[in-house]
Every structure is written in structure tokens, then in C-alpha cells.
Amino acid sequence: MAPRLQLEKAAWRWAETVRPEEVSQEHIETAYRIWLEPCIRGVCRRNCKGNPNCLVGIGEHIWLGEIDENSFHNIDDPNCERRKKNSFVGLTNLGATCYVNTFLQVWFLNLELRQALYLCPSTCSDYVLGDGIQEEKDYEPQTICEHLQYLFALLQNSNRRYIDPSGFVKALGLDTGQQQDAQEFSKLFMSLLEDTLSKQKNPDVRNIVQQQFCGEYAYVTVCNQCGRESKLLSKFYELELNIQGHKQLTDCISEFLKEEKLEGDNRYFCENCQSKQNATRKIRLLSLPCTLNLQLMRFVFDRQTGHKKKLNTYIGFSEILDMEPYVEHKAEPSKSQTRKPKCGKGTHCSRNAYMLVYRLQTQEKPNTAVQVPAFLQELVDRDNSKFEEWCIEMAEMRKQSVDKGKAKHEEVKELYQRLPAGAEPYEFVSLEWLQKWLDESTPTKPIDNHACLCSHDKLHPDKISIMKRISEYAADIFYSRYGGGPRLTVKALCKECVVERCRVLRLKNQLNEDYKTVNNLLKAAVKGNDGFWVGKSSLRSWRQLALEQLDEQDGDAEQSNGKMNGSTLNKDESKEERKEEEELNFNEDILCPHGELCISENERRLVSKEAWSKLQQYFPKAPEFPSYKECCSQCKILEREGEENEALHKMIANEQKTSLPNLFQDKNRPCLSNWPEDTDVLYIVSQFFVEEWRKFVRKPTRCSPVSSVGNSALLCPHGGLMFTFASMTKEDSKLIALIWPSEWQMIQKLFVVDHVIKIMRIEVGDVNPSETQYISEPKLCPECREGLLCQQQRDLREYTQATIYVHKVVDNKKVMKDSAPELNVSSSETEEDKEEAKPDGEKDPDFNQSNGGTKRQKISHQNYIAYQKQVIRRSMRHRKVRGEKALLVSANQTLKELKIQIMHAFSVAPFDQNLSIDGKILSDDCATLGTLGVIPESVILLKVLLCHNISNCWYPEKVKVKAFLGLSWITWINFYALVGSGLMNQLQIMLQWMMSCKFVCQKKGLKVLVFLDINL
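About the cut-offs
- Residues numbered from 1 in each chain as written.
- Predicted model: local features only at pLDDT ≥ 70, side-chain atom pairs only at ≥ 80, totals over all residues.
- Heavy atoms only, no water.
- Helix = DSSP H or I, 4+ residues; strand = E, 2+ residues; numbered from the N terminus.
- Buried < 20%, exposed > 50% of the residue type's maximum accessible area, 1.4 Å probe, protein only.
- Contact = heavy atoms within 4.5 Å.
- Areas by Shrake-Rupley, 256 points an atom, 1.4 Å probe, with all protein chains shown as cover.
- Pairing = 2+ DSSP bridges.
- Salt bridge = Lys/Arg side-chain N within 4 Å of Asp/Glu carboxyl O.
- Axes fitted to C-alpha atoms, helices over the stretch in contact; angles between N-to-C directions.
- Parallel < 35°, antiparallel > 145°, perpendicular 65-115°, else oblique.
- Nonpolar A, V, L, I, M, F, W, Y, C, P; charged D, E, K, R; others polar.
- Phe/Tyr/Trp six-rings, centres within 6.5 Å; stacked < 30°, edge-to-face > 60°.
- Patch = residues over 30% accessible without salt bridge, like charges linked within 9 Å, V, L, I, M, F, W, Y side chains within 5 Å.
- Lys, Arg positive; Asp, Glu negative; His and termini not counted.
- Charge placed at Lys NZ, Arg CZ, Asp CG, Glu CD.
- Disulfide = S-S within 2.5 Å.
- Core = buried A, V, L, I, M, F, W, Y, C linked by side-chain atoms within 4.5 Å.
- pLDDT = per-residue confidence, 0-100.
- Arc of directions from axis to C-beta.
- Polar contact = N/O pair within 3.5 Å; in protein donor to acceptor, adjacent residues only side chain to side chain.

## What to know about the overall build of the chain
Turning to step 1, where the next piece is worked out: In terms of helices and strands, the chain carries 29 helices and 37 strands.
Turning to step 2, where the next piece is worked out: Each of the 1016 residues in the chain was classed as buried or not, and the buried ones make up 39%.
Turning to step 3, where the next piece is worked out: Long-range pairs, those at least 24 residues apart, make up 74% of the contacts in the chain between residues at least 6 apart in sequence.
Turning to step 4, where the next piece is worked out: Taken as a whole, the chain presents about 60700 Å² of accessible surface, with 50% of it coming from carbon and sulfur.

This is the structure in C-alpha cells:
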């Protein structure tokens, strides 16, 4: 069958020659592809989604082939869970409990231990009632011994192929998801079991752990001088053998028992000689247990990584281990015993085994059956009966599923043969529902065709690619059995949608031709009142708008096609696109907020009636405004009111500007630090009020007029002033504006003043010259002032991601531009690193050095105004200079972390950094920047103790480090750091500096190799 897109084009090819009003029933059936040839099984490999008559490849192959009973159910054969004859019972791995299962199997196969555990008294008497066990209660072991009893009884006589040890694992409190150390588990559990059994009265039970697993060896020390031998006896439950460097188990045992020489500082104090003497020490096996556990130490400590690592060394061991040469009074094994292992008969090699268990041959007995106690056997029988009931239940469920599957198989097979629709009555069903009906793994839901309906509640023609045409006979059966709807019969073919689609396709085809026609019509002048108003923006983009609108009407088809191709658009993206399209509707750019014609003629143009009719074909819903249409009356009223308001605002602004010229132009402003002599009173207003008022006066048509002076922001809740006279001359001067008395009188006339704030100068005393005092009205509120200062300090100490500046100092002076900038500015210097030009006589407060050539001029009364203007106009932005870099820091950041940042910025090691701020040395690396007084916009001075060539540093203990750069030794660096925590700190900082040097050299194109040779 042809591809889907070709079928789509063929279904609508008739639209090129047929006008929308000429669409017939034949055209509608062609658009819905009613009479396309159905596909044949074997010829069509997959379902043709563009052909509603293709019913191949929708999942029917499962039902038309041979019957496979296993496909009708997902239930395994219960007999597979049954224990085979003469086989052992397994244990379920609960996640990471394989080591527990291994030890349980080993202990179960120890007949003596199993028999002893069976002899332990049990507390299951609560579950015994008469001759049997209560059916309504499940047996739950209470102790470790009872858990082992129950597990061993199940492992011995259960009918299951494997049993669940979760109760035992839960009783031990083990994490099933974490792998534990098997050797440690063995030691701890044997200690727990021995302690539990030690309370039993029966000696065979009480001493079973010692009898089976406990051996004895002695630490023997022999004096080389007098030959005296001392022994220290010790019991063992397992021998821990080192396997590193060995290939045979016998070699590991020989190393465990080899002699150790005690010489030098390790000499042995001999009680016979009454002095320290050279001696030998070794382990001598005195007795071996019935069950010998050999732990292979596969995990060793790696000094390089500081962690344990596993040894995957192959170890050879035999099935029969001769321990006679290693017991007391026996010679060491000969070389023939330690030859290279061969994996022959009775010999094995393993790289994963971590424990070997051997039994004494003298302890092996003929197969003597261990009898399970009656109460345990009754529990096992009960579990076996439950298992048999489960097997019967599973077999019955399996049989029911098979019978149900066979019945459905015959039903589907018969119904599928009647599914195709020929010339007989037909209906449409979604392809997705048919696939789910043929899918045996999911239950069949009612038919839902709502997603395929158009706005007329009929079948959308663009949804035909996801629908299938079936016979009316099959549809009746489907709806009677599964329900749903609505049913889509031949009456569901939507003529309105086909006609609209035909119109859209025809418009798309003639869009280019109409575009040229409209352009020609726009060139002609409009005569009389036959024209129509169109927005200029809409005229410039009407072709693109028409194409987008046609694509939007055709969007359902594209969306369905995109869904089939696996490129479904995101819902959020489609919503955003719809919003953009709604903003670009044709001719809506000349609509006013009231939905009428806008009053601005610059945004619209008059077009002819012929041009409008062409445009209206593409935009039938566009707003229509004939040339005689009046503009919006409400907008005219608002425009007239706006013009009146603008004129009023201009008049007010001009009046206020004329009344307060110096305040507006910031000229002849008073200053508290240099009090004017011709007045004793100055008034204060908020600087915010002045700035807002200046904005209004400059742009009265864009800004709202200022009607009141809000001085309440400068007062506390008690009505007192928040600023002192000294602070208003310095840091708080940017918050207030000083007003002359004459200006204050004018302000009171022009604005509403809520609070009057003034500063008065008073002469005190009769002595000439008298003392001058400055009094504020209202007076200062000390409590609120102190609270304000505390809050400001708290804010400065609780910042995050604030900017500070680090300035590098060379020869106790900052790098700065002086009278010869060409000597300081390099060609590679960035623009932001260049210093801003300063006015003559101005001194940068961040610099400590003095400029001998320039002195600050003394301010006289004549140049008072010019100086004040210069001070006010100065930018508050921090001025970066050469040698200074900005860093982002937080208040909770430590000084050590700041030094690391400085190291990356300046390539200076932290131990070479001498930092200071405002003359205070920063030395505590553990202190935070907030506690050290570093606030945002601070400038920290960086003084380098060592140059980049790295001279020698001397400390008490020697740590020698060699650095190799490129192919030649550049220098020897002798670092002598403090012992203890100081040593590790110095080594860490030193390594960070080495990596920083490596980074700097790599930026310059050098190959860097760094080697460290540390001698403590």
C-alpha cells in the first residue's frame, strides 16, 4: 500500500477542481477513503494507518496461528516448585543474604549440631492443642534455637524446592539489602549460639559448639640463650589464613605457623635469664576440632587508597587435607607438600572462596538418619499440606486460564473473519481499541470514539488515519458485549468539515496569486466612501497571517500525523503558540480597548472594496470598518481629558520649576559640614521626595505629579529623628536633602507637608568666640537610632553572594595608574580593569599612598557651590583599578575558603597570602568573613609573602617536595611544616598551590608534570 502521506494527498486531490459549494457525497466518501482497497495478509507486512480498510498487523497473528496453551496464562507449573527426590532443599536469597544461606547449609549438614539443636526444649507448647496444632495460628519461633530448629526441619523434610529464611534473618536484625562480612558474621553468630546453648542442662547440647568447632593452639616463645619455652594456651573456632603471595592452601597454613624472630627492640624478657634476650615465637596446634573452619583473608587494607580491597588470588586446595604435619611434635611440611597445585582429581582452585570447611575423617559415620522431633515434624507436615493446597489451587487457576483463552481464541478467530466491510453497511472503530481487543494481556474496555469527533459531533475527516472501517455485524457484537459509543455509521461522515477543508486547500493554492492581486489593488487610490480601514501592521503581514490561519484550521491533521510519527508537541508549547497567534489576528491592531475603531490614523490605512473582499476571503471573522465609520467616542473623550491633564501637568511642573530653580538644578545647596553663615536654620526633606519631584518636572506628561512631602520616613514611631547631626554629614547624607528657609516657605505652599524637620544653629556662652551647637527639631530618638544601627550591622553580617574586592599590593603599595599610564596599562587589559578618571584634587579613599604631585585645594566661600556640586554628582559605584579583582563571597564563608578563591584568582598560595582590611590583619582561617568584619563592597589588601619563583620556607619538621616543570628541574622547594594537624593542613594547602601553578602554566601553553617526594 502507498505511504500515508500519498494516501492523504490522493484523498483530497479532487479539491483542486471542485469548489466548496459543489462538494457531493462521492467527494465526501473519497475524503474519508471509504473505497480504498483492503490489504491482504502476507502481502502487507504492517498496518497501513492511512487506509481505514487495512485490518492487517493489528495483533491478529496471535489468534490466527496455532494454539499455545502457555500464552493463555502467566502462571508457572506448580510442580516446578516441588522438591525432587533425593535432592536438597534450597534457601531463598532475600537480596544480599547469600552468606547467611551458605552458613545455614553448612550447619545443617553437620549432623551432630542438627541433632543437638533438635534436643533443645521448645516453647511451642502454646501452639499445641491436644494431639495437633491450632489451625488458626501460625507458628512463630521466639529464640534463635527455635528458628534453627524450624529451618533445619524444613530443610530435611519439606516438599518445597526452596524455603524462605526471612524469619531467621529478621530475628538477627540483618539488613537484607547490604552485604555483610561473612567471617565476622560467622564469629558473631557462633558466639551467640554458644552463649545461648550454654544455659541448657543437657551436656550434649550445652557443649556442642565447643565439641564441633573449638580447637586449641599455643603461642610458644623459646629463649635463644637458655632454651626456656613458655606457652600461652588459646582456643580457636577458625584459623584466619593470609593468602596474599600464596597459591596453595598448605602454604597459607605454613605461614600461619611459621616462627617469628624477636630481636632488637622486640626482644623477649626471659624469666629464667632475668633479662631481655633474642627469642623465637610461633603458633603450635595442640588439637583440632571435628569441624575445621579455615577463613581465607581475601580483604586486606590498601595503604594507597586507605580502604579495603579484595584479593582475587587463585588458591589451590584438596578435598582431603592432611593436618598431621602441623600438629604438636610434628615436623614442618616438606617441599613436596607445597608444590604448585594442579586442578586434578580431588584438587580444586578458586579465586572467590572465602571459607573452607573440613571434617575429621575419624568423626565420619555411616549415614545415620537424624530424626525430626514430633512437634517439628507436625509443623513441617502442616507447611507441606499448605504447599499441596497451593499447588492444587495454582493448577486449577492455570486450567481455567487455558479454557478461557481457548474460548476467546475461537471467538476472536471467528469474529475477525467477519470484521472487513465490503459494500454492506459499515461503521468506524478506533484502531487503538481494536489493538487492545486483540491484546490478551490487557482487559478490553468500552469503545470510546469521542476523541475522533469534530465540532459537529461527527467523525472528523482528519482522524480517519486512526480509525478502521468494519462491518455492521461486527460492530453490533462489539457494542453489545463491551458497550461504549458514540457509534459512527455512514451518517457520521461530516459534510461541513469536508467543505471547510476544501475551502482551506483551495485558499492555500491561490494564496500567492491573491497576494500579488492585493498588492496591485493597494497601489490604486480609493475613491469616495467605498473604502475600508485596515491596520498597517496587518497589511504588512497579512500573507503570513493567512498562512498561519489556514495551518491552524488544518492543525488537527498535522497534530494527528505528528502523533503517529512520534513527534507529538508539548501541551505547554502548543498553548504558547496559540497565544501568539491570538495576538496576531488580522485587523485587530486598529481596535481600541473598547472594541471600536482606534482614533489614531497613523496606524491604519484606507483600502478599496475589491482589496477588502479579497482579504475577507482569508479572514472572514476580521473586524470590518468602512471608511464612513466613526472612531470610538469613549477614546475621544479620554484623549481630550488626557490632553487637558497633560497641559495641567506641564503648567504645574513649570510653576514648581520656576519657584524652586536651585533645588531642581541642584545648585547652591547648603551643607552641614560647612554651615552657611547667612542662616541659622536649615530644613530637611527626604531625598526620595526630591528625586521623584525632579522626575515629574523633567517629564510631566509621563510621570505623576508629587503632591506631598513624606518626612515620616525619616522619623521613628515615637516621632523622633532617626539620624544624628554627625551621620547626616557622612553616611546618611544620601538619604536627606537640605532646604533653604526661603525654599521651605515655597514648598509649604506647593505641597502638603506631614512633618516639619529642621536643624538650628545656636550660639552658647558669652565667651568670644562662643561655642556653636546644632539642635534638631524633632529631637533625636536614642533608642530607635541604636536599633537602626544594630539592624544595619546585622544586615552587613548576614549577606550571601555579595561582591568584595581584593587588591594586590606590591612593595607595600597598590598597583595603580599614575602620571605615566602607558607604563601600567597593558594591551591585554580588559576594559573593566581600567581605572576611571578622577577629577583633579580628588583622592581615592581606598588608597593609602599619597600623591605628591597633587594636593587637595582648600575650599573657599567663592568655590563652595562648584565643590558641592562635584561632591553630589560623584558616582557611588566602586572604581576598579589595576591589580584588583572582584570575588563573590558569603558571610558564613571561612577565611580559608576565601584564600582558596584568591589562590585561583591571583595564583598565590594560601600560606603566602597576608590579608588585611582597614589595617587589621586577617589571620584566623577558621573564622567566618562576617565575624572578621568583611562586609559587601569591602576592599581587602593582599600582600604576597613569597614571589612566584618560590623561595625557601623554614619550619621545624622537614617535608621535602620536588616540583618538575616541563623537562627540567626548576627549583628545589623545602617545606618544613608543623607536626600534627598543622602538618596535614600545610600539605593540603601546598598541593592546592601546586595544582594552581599547573593550571597557570597550562594557560600559557606549557606542558606541566608535578611529582611529590615527601620525606617525613
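## Let's talk about the pairing of strand β30 (residues 802–810)
Turning to step 1, where the next piece is worked out: Where β30 meets strand β32 (residues 884–889), 6 bridges bridge the pair, whose relative direction is antiparallel. In the sheet register, threonine 803 faces β32, and the bridge partner there is leucine 888.
Turning to step 2, where the next piece is worked out: Note: β30 against strand β35 (residues 939–944), 5 bridges, orientation parallel. In the sheet register, valine 809 faces β35, and the bridge partner there is lysine 943.

## Let's talk about the pattern of salt bridges
Turning to step 1, where the next piece is worked out: In the structure shown here, the tally under the stated rule is 25 salt bridges.
Turning to step 2, where the next piece is worked out: A salt bridge links glutamate 240 to lysine 187; the shortest N-O distance between them is 2.1 Å. Here lysine 187 lies in helix α8 (residues 182–197) and glutamate 240 lies in strand β7 (residues 239–242), a separation of 53 residues in the sequence.
Turning to step 3, where the next piece is worked out: Look at lysine 187 and you get partly exposed, because its relative accessible area is 38%.
Turning to step 4, where the next piece is worked out: Taken together, the shared-partner salt bridges in this structure form one network comprising Glu8, Arg33, Asp462 and Arg501.

## Describing the sheet that holds strand β5 (residues 215–223)
Turning to step 1, where the next piece is worked out: Taken in spatial order, the 4 strands make up an open sheet running β6-β5-β11-β8, and their pairing is antiparallel. Each of the sheet's edge strands pairs with one partner strand only, and the pair in question is β6 (229–236) and β8 (260–262). Taken pair by pair, the neighbouring strands of this sheet meet at an average axis angle of 30°, ignoring direction.
Turning to step 2, where the next piece is worked out: Looking at chain direction, β5 and strand β11 (residues 279–287) are connected through 8 bridges and run antiparallel. Among the inter-strand pairings, glutamate 216 is bridged to a residue of β11, identified as serine 287.

## Things to note about the sheet that holds strand β29 (residues 771–777)
Turning to step 1, where the next piece is worked out: Taking strand neighbours across the sheet as the criterion, the 4 strands line up as β26-β24-β28-β29 in an open arrangement whose pairing is antiparallel. Every other strand in the sheet has two partners, leaving β26 (736–739) and β29 as the edge strands with one partner each. Looking at each pair of strands side by side, their axes are set apart by 30° on average, direction ignored.
Turning to step 2, where the next piece is worked out: Along the sheet, helix α23 (residues 687–698) contacts β24 (681–686) and β26; its crossing angle with β24, the most-contacted strand, is approximately 70°.

## Thoughts on the side chain of serine 350
Turning to step 1, where the next piece is worked out: Along the polypeptide, serine 350 turns up in strand β16 (residues 347–350).
Turning to step 2, where the next piece is worked out: Setting aside anything within four residues of it in sequence, one finds serine 350 in contact with Arg298, Thr313, Tyr314, Ile315 and Phe317.

## Concerning the packing of helix α4 (residues 98–108) against helix α6 (residues 144–157)
Turning to step 1, where the next piece is worked out: Running from amino to carboxyl end, α4 crosses α6 at an angle of 75°, the nearest separation of the two axes being 11 Å. When the axis of α4 is compared with that of α6, the two are roughly perpendicular. Judged by residue contacts, Leu104, Gln105, Trp107 and Phe108 of α4 engage Leu148, Leu151, Phe152, Leu155 and Gln156 from α6.
Turning to step 2, where the next piece is worked out: Here the residues of the contact of α4 with α6 are counted per class, giving 7 nonpolar, 2 polar and no charged.

## Let's talk about the packing of aromatic side chains
Turning to step 1, where the next piece is worked out: In total, this model carries 27 aromatic pairs according to the counting rule given.
Turning to step 2, where the next piece is worked out: Plain terms: the ring middles of phenylalanine 168 and phenylalanine 189 are 5.7 Å apart, the flat faces sit at 75° to each other, and that makes the pair edge-to-face. With phenylalanine 168 in helix α7 (residues 166–172) and phenylalanine 189 in helix α8, this residue pair connects regions lying 21 residues apart in the sequence. Across the pair, exposure class does not vary: phenylalanine 168 and phenylalanine 189 are buried alike.

## Looking at the environment of isoleucine 652
Turning to step 1, where the next piece is worked out: If you trace the backbone, isoleucine 652 turns up in helix α21 (residues 633–659).
Turning to step 2, where the next piece is worked out: Since its relative accessible area comes to 25%, isoleucine 652 is described here as partly exposed.
Turning to step 3, where the next piece is worked out: Sequence separation between isoleucine 652 and leucine 750 is 98 residues, and the spatial gap between their C-alpha atoms is 9.5 Å.

## Considerations on the environment of cysteine 120
Turning to step 1, where the next piece is worked out: Counting through the fold element by element, cysteine 120 comes out in the loop between α5 (111–118) and β2 (128–129).
Turning to step 2, where the next piece is worked out: Residue cysteine 120 is classed as buried on the basis of its relative accessible area of 3%.
Turning to step 3, where the next piece is worked out: Not counting the four nearest positions on each side in its chain, cysteine 120 is found in contact with Gln149, Leu197, Gln200 and Val205.

## Some details on a negative patch on the surface
Turning to step 1, where the next piece is worked out: On the surface, a cluster of negative charge is made up of Glu639, Glu641, Glu643, Glu644 and Glu646.
Turning to step 2, where the next piece is worked out: Relative to the elements of secondary structure, glutamate 639 occurs in helix α21.
Turning to step 3, where the next piece is worked out: The partly exposed category is assigned to glutamate 639, whose relative accessible area is 39%.

## Looking at unusual backbone geometry
Turning to step 1, where the next piece is worked out: In the segment running from glycine 485 into proline 486, the intervening peptide bond is cis, with an omega of -5°.
Turning to step 2, where the next piece is worked out: Inspection of the secondary structure assignment puts proline 486 in the loop between β21 (484–485) and α15 (495–523).
Turning to step 3, where the next piece is worked out: Between glutamate 777 and proline 778 the backbone carries a cis peptide bond, its omega angle lying at 5°.
Turning to step 4, where the next piece is worked out: Backbone geometry at arginine 33 places phi at a positive 60°, although glycine is not the residue there.
Turning to step 5, where the next piece is worked out: For aspartate 666, which is not a glycine, the phi torsion comes out positive at approximately 60°.

## Some points on helix α14 (residues 472–482)
Turning to step 1, where the next piece is worked out: When α14 is considered as a whole, its buried residues turn out to be Ala474, Ala475, Ile477, Phe478 and Tyr479.
Turning to step 2, where the next piece is worked out: Against the buried residues of α14 lie α12 (374–417), β18 (426–430), α13 (431–438), β19 (447–448), β20 (467–471) and β21.
Turning to step 3, where the next piece is worked out: Just past α14, the residue glycine 483 takes up positive phi, approximately 70°.

## Section: the state of the cysteines
One covalent bond between the sulfur atoms of two cysteine residues makes up a disulfide.
Turning to step 1, where the next piece is worked out: Taken as a whole, this structure holds 0 disulfides when the rule is applied.
Turning to step 2, where the next piece is worked out: Counting only cysteine sulfurs, cysteine 226 is the nearest neighbor of cysteine 273, a cysteine outside any disulfide, at a range of 3.6 Å.
Turning to step 3, where the next piece is worked out: Cysteine 497 provides the cysteine sulfur closest to cysteine 494, a residue in no disulfide bond, and the two sulfurs are 3.4 Å apart.

## A few points about the side chain of histidine 147
Turning to step 1, where the next piece is worked out: Take histidine 147: it is sitting in helix α6.
Turning to step 2, where the next piece is worked out: Setting aside residues up to four positions removed in sequence, histidine 147 forms contacts with Pro141, Gly167, Phe168 and Ala171.

## Quick word on the nonpolar core
Turning to step 1, where the next piece is worked out: Ranked by size, the top nonpolar core spans 42 residues in total, and within it Trp107, Leu148, Leu193 and Leu197 carry the most contacts.
Turning to step 2, where the next piece is worked out: Listed by contribution, the elements that provide at least two residues to this core are α4, α5, α6, α7, α8, α10 (208–213) and α12.
Turning to step 3, where the next piece is worked out: It is α6 that provides the largest number of residues to this core, a total of 9 residues.
Turning to step 4, where the next piece is worked out: Sequence-distant contacts of leucine 148, defined by excluding residues within four places in its chain, comprise Leu104, Leu117, Phe168, Phe189 and Leu193.
Turning to step 5, where the next piece is worked out: Among the nonpolar cores identified, the runner-up in size contains 27 residues, and Ile28, Ala31, Cys452 and Val498 belong to it.

## Remarks on the confidence of the model for the chain
Turning to step 1, where the next piece is worked out: Confidence along the chain averages 77 in pLDDT terms, with 77% of residues attaining 70 or more.
Turning to step 2, where the next piece is worked out: For the stretch residues 330–344, pLDDT sits under 50, and the model shows 19 contacts to residues farther than four places along the chain or on other chains.
Turning to step 3, where the next piece is worked out: Across residues 995–1016 the pLDDT falls below 50, and counting only partners more than four positions away or on other chains, this stretch makes 35 contacts in the model.

## Some details on α13
Turning to step 1, where the next piece is worked out: Listed as buried for α13 are Leu431, Trp433, Leu434, Trp437 and Leu438. Buried positions in α13, seen along its axis, are confined to an arc of 160° and lie on one side of it.

## So, the environment of arginine 19
Turning to step 1, where the next piece is worked out: In this structure, arginine 19 sits in the loop between α1 (4–11) and α2 (25–31).
Turning to step 2, where the next piece is worked out: Along the backbone, arginine 19 and arginine 506 are 487 residues apart, and their C-alpha atoms lie at a distance of 8.1 Å.
Turning to step 3, where the next piece is worked out: In contact with arginine 19, not counting residues within four places along its chain, are Cys502 and Arg506.
Turning to step 4, where the next piece is worked out: One polar contact links arginine 19 to glutamate 22, side chain to side chain, over a distance of 2.8 Å.

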